[in-house]
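Listed below, chain by chain, are the residues.
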Amino acid sequence: MRLKLDHAQRLNLHVLLGAQRADVGSIRAIWSVQDRIALDADEEEAAALELNRDIKAGQERVTWNPALSLPPREYEFTEAEVARIRAAVRTWDSYGANVDRR
């Protein structure tokens, strides 16, 4: 399956996948997807998105300026990767009606 993801979708999917609990084989498969969708060094430049990383309670938090954007990039995912992404999105139980509406 081909998906076109903008930077916000990539960052949010990266975090969502990273929050999954799984066995070692599944974790490695998740890391593979995360490595592909991660922003590269040029995209992470402060001027491109004003991206900031900070640690709160031992967890990395990434923020960026929502007024800035990068062009979407296309990704090809295998059926197994699509199933893993779907499961992560469908089973995530920490969505917030107000926070996640943006």
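These notes cover the structure that comes with them.

Here we take up the environment of E60. Within the secondary structure layout, E60 lies in strand β3 (residues 59-63). Here E60 falls in the partly exposed class, since its relative accessible area comes to 49%. C-alpha of E60 to C-alpha of A22: the two residues are 38 residues apart in sequence and 20 Å apart in space. If near-sequence neighbours (up to four positions away) are discounted, E60 is found in contact with R53, D54 and I55. Separated by 3.3 Å, the side chains of E60 and R53 make a polar contact.

A rise of 1.5 Å per residue sets the reference length of helix α2 (residues 24-37), with its 14 residues, at 20 Å; its end C-alpha atoms lie 20 Å apart and thus fit the reference within 8%. In this structure, the buried residues of α2 make contact with β1 (2-5), α1 (7-18), β4 (73-76) and α4 (79-91). Where α2 begins, the side chain of D23 points an oxygen toward the backbone nitrogen of G25, at a separation of 3.0 Å.

Parameters at a glance
- Residues numbered from 1 in each chain as written.
- Predicted model: local features only at pLDDT ≥ 70, side-chain atom pairs only at ≥ 80, totals over all residues.
- Heavy atoms only, no water.
- Helix = DSSP H or I, 4+ residues; strand = E, 2+ residues; numbered from the N terminus.
- Buried < 20%, exposed > 50% of the residue type's maximum accessible area, 1.4 Å probe, protein only.
- Contact = heavy atoms within 4.5 Å.
- Polar contact = N/O pair within 3.5 Å; in protein donor to acceptor, adjacent residues only side chain to side chain.
- Expected span 1.5 Å × (residues − 1).

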